[in-house]
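Observations on chain architecture
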Amino acid sequence: MPLLRSARTQKQIALRLEEEMKSGTLARSILFSGCEYSSRMTVALELALNLCGESGKYDTLDSASLIVISSRESSMRIRALRNLYEKDMTSQAFMNLVHEARVMLLSYHEALYSNSDKDAFTAAGELSSLLMEQPEADDRQAVSSFLASFDKACDRFYLARKKSSLFTIDQIRLIQSYLQQNREQNKIVILENIEDVSTGAVNSILKLLEEPPEGAYIILISSNPGRILDTILSRVRHYVFPSVSAREQHALIRDTFRREGSDLEEFFLISSGLDLDQLNIFAEEFVHRLLVRKEALTNDEMNSLCAFLDSFSAWRIFLERILSIVEDGFRQGRLDTVLCDQTLCLVSRCFSNSRVYAQNRRIMLENIHRGILAL
């Protein structure tokens, strides 16, 4: 069974993909949709490596035939896996960290090099090289030295990456050029959060999906297919991923990370060191001040909130908490229906725009802050 990892949480989809590969009926433009932590990226990567004939490279993702463009906020999971490696110092913990970091770094494939993103590509190359230097297992001094270098390399990369945009016209054109080369070797491009594609890049992506070169496969990943244009949906074969049960998540956490837990997101949040109680306090206060008291946060309060969120890259989690608090307020009759709807739309729109245009997260939060006060 070539898609063993995928079958652990998405057996039916794995079986379908295996049959389509075997029969030669696998579409070359594919969409995987589902909620966060439904194994969409796991399946996409395992499928991609099988198509490339490199199934043994899942841990390292060291493949010249694979590009991943993603707007996911990887730093939370990377921090969690870094902390677990520091505690366990095992080869498995190291490879878990390498895999997650490599998913992020595949957006900086050499075929996509651009002078405008020179700093980000340089920092990505430095971090990628560092990941090849696995310390001796159980050697505390070697692990500590590696992690000190890793932390510095990550900081340089995150700082450089803030200037980068995703799903640009130039990026898609470089992908098209890359796929035209050496057609004897299969090549796979994974575009995650495709709903965040900018208007300017849509036509280039449509052409890419409609006429992939021989041996090229395009895999789109989305958590909100309702936001994807019909013209894109009509060009792909759609696989809908059901959510992964708590029992399956528990088994995955136990077998992969040697820990207990039944919710992957909570597991990563806690392992990253994020103070969930403090996050909830910030979210409750944000909603209460703006929606109930109609009172703005002071500059010092905004600075404190942004520093907390930035240190853990917890912006998405914070906004999700805000949405949850607003929805609970509506269900309990504490918040007006129209005001709730307007707030939910405003927060979702601002977050989406921040990802599409690689907007500074503080600016995003300030836009939400001003927008709610104006409702």
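The rules behind the values
Residues numbered from 1 in each chain as written. Predicted model: local features only at pLDDT ≥ 70, side-chain atom pairs only at ≥ 80, totals over all residues. Heavy atoms only, no water. Helix = DSSP H or I, 4+ residues; strand = E, 2+ residues; numbered from the N terminus. Contact = heavy atoms within 4.5 Å. Axes fitted to C-alpha atoms, helices over the stretch in contact; angles between N-to-C directions. Parallel < 35°, antiparallel > 145°, perpendicular 65-115°, else oblique. Nonpolar A, V, L, I, M, F, W, Y, C, P; charged D, E, K, R; others polar. pLDDT = per-residue confidence, 0-100. Phe/Tyr/Trp six-rings, centres within 6.5 Å; stacked < 30°, edge-to-face > 60°. Buried < 20%, exposed > 50% of the residue type's maximum accessible area, 1.4 Å probe, protein only. Lys NZ or Arg CZ within 6 Å of the ring centre and 35° of its normal. Polar contact = N/O pair within 3.5 Å; in protein donor to acceptor, adjacent residues only side chain to side chain. Pairing = 2+ DSSP bridges. Left-handed = near helix turned anticlockwise from the far one by under 90°. Core = buried A, V, L, I, M, F, W, Y, C linked by side-chain atoms within 4.5 Å.

**Let's talk about the environment of Leu 105**
When you line up the elements, Leu 105 lands in helix H5 (residues 91-105). The contact partners of Leu 105, leaving out residues within four places of it in the chain, are Ala 124, Leu 127, Ser 128, Leu 131 and Phe 157.

**Some details on the packing of helix H4 (residues 75-88) against helix H7 (residues 140-161)**
Geometry of a packed helix pair, given as the angle between the helix axes and the separation of the axes. Running from amino to carboxyl end, H4 crosses H7 at an angle of 170°, the nearest separation of the two axes being 10 Å. Comparing the axis directions of H4 and H7 gives the class roughly antiparallel. Of the residues in H7, those in contact with Ser 75, Ile 78, Arg 82, Tyr 85, Glu 86 and Lys 87 of H4 are Arg 140, Val 143, Phe 146, Leu 147, Phe 150, Asp 151 and Tyr 158. Counted by class, the contact of H4 with H7 contains 7 nonpolar, 1 polar and 5 charged residues.

**Some thoughts on the confidence of the model for the chain**
Across the chain, pLDDT averages 92, with 99% of residues at or above 70. Summarising per-element confidence for the chain, the mean pLDDT is lowest in helix H9 (residues 202-210) (87) and highest in strand E5 (residues 237-240) (98).

**Structural notes on the packing of aromatic side chains**
Tallied over the full model, the rule gives 17 aromatic pairs. The interplanar angle of 50° and the centroid separation of 5.9 Å between the aromatic rings of Phe 308 and Phe 312 together place this pair among those described as tilted. Of the two residues, Phe 308 and Phe 312 are both situated in helix H14 (residues 299-312); the distance of 4 residues between them amounts to about one turn of the helix. Phe 312 matches Phe 308 in its accessibility class, with the two residues each being buried. Linked through ring pairs, Tyr 108, Tyr 113, Phe 121, Phe 157 and Tyr 158 together constitute an aromatic cluster. Geometry around Phe 268 places Arg 77 over its ring, the cationic atom sitting 5.7 Å from the centre. We note Lys 187 situated over the ring of Tyr 178; from NZ or CZ to the ring centre the distance is 5.7 Å.

**Considerations on the side chain of Arg 82**
Residue position: Arg 82 is located in helix H4. Since its relative accessible area comes to 13%, Arg 82 is described here as buried. A polar contact of 3.4 Å, which involves the side chain of Arg 82, links it to the side chain of Asn 83. At a separation of 2.8 Å, a polar atom in the side chain of Arg 82 contacts the side chain of Glu 86. Residues in contact with Arg 82, not counting those within four places in the same chain, are Leu 97, Leu 147, Phe 150 and Asp 151.

**Points about the sheet that holds strand E2 (residues 66-69)**
One open sheet accounts for 5 strands, arranged E2-E3-E4-E1-E5; its pairing is parallel. Here the strands that pair on one side only, and so sit at the sheet edges, are E2 and E5. Going across the sheet, the axis of each strand differs from the next one's by a mean of 15°, ignoring polarity. Across 4 bridges, E2 lies against strand E3 (residues 187-192) in parallel orientation. Counterpart to Leu 66 in the pairing with E3 is Ile 188. Sheet strands in contact with helix H2 (residues 11-23) are strand E1 (29-33) and E5, and its direction is about 150° off that of E5. Against the sheet, helix H8 (residues 169-180) contacts E2, E3 and strand E4 (216-222), and its axis sits at roughly 160° relative to E3.

**Describing the packing of H5 against helix H6 (residues 118-130)**
H6 packs onto H5 with a crossing angle of 160° between their chain directions and a minimal axis gap of 11 Å. With respect to their mutual orientation, H5 and H6 come out roughly antiparallel. In terms of crossing hand, the pair formed by H5 and H6 is left-handed. Between H5 and H6, the residues in contact are Arg 102, Met 104 and Leu 105 and Ala 124, Leu 127 and Ser 128, respectively. Residues that form the contact of H5 with H6 fall into these classes: 4 nonpolar, 1 polar and 1 charged.

**Structural notes on the nonpolar core**
What tends to happen in soluble globular proteins is that the nonpolar side chains get buried as a cluster. Residues Phe 150, Ile 175, Leu 191 and Leu 220 are the most contacted members of the largest nonpolar core, which totals 63 residues. Per-element accounting of this core gives the leading share, 9 residues, to H7. The residues contacting Phe 150, other than those within four sequence positions of it, are Ile 78, Arg 82, Leu 97, Leu 127, Leu 130 and Leu 131. One finds Leu 290, Leu 297, Cys 306 and Leu 309 within the second-largest nonpolar core, a separate group that totals 39 residues.

**Regarding unusual backbone geometry**
Most peptide bonds are trans, and most residues other than glycine sit at a negative phi. If you check the backbone angles, Asn 193 has positive phi at about 60° while not being a glycine. You can call Asn 193 buried: its relative accessible area is 3%. Non-glycine residue Ser 313 carries a positive phi angle of around 50°.

**Quick look at the pairing of E4**
With 7 of 7 residues buried, E4 is to be regarded as a mostly interior element. Here E4 shows no split at all, with Ala 216, Ile 218, Leu 220 and Ser 222 on one side and Tyr 217, Ile 219 and Ile 221 on the other all buried. Where E1 meets E4, 5 bridges bridge the pair, whose relative direction is parallel. Bridge assignment links Ser 33 to a residue of E4, and that residue is Ser 222.

**Observations regarding H9**
Burial in H9 covers these residues: Val 202, Ser 204, Ile 205, Leu 206, Leu 208 and Leu 209. The elements touched by buried residues of H9 are E1, H8, E4 and helix H10 (230-233).

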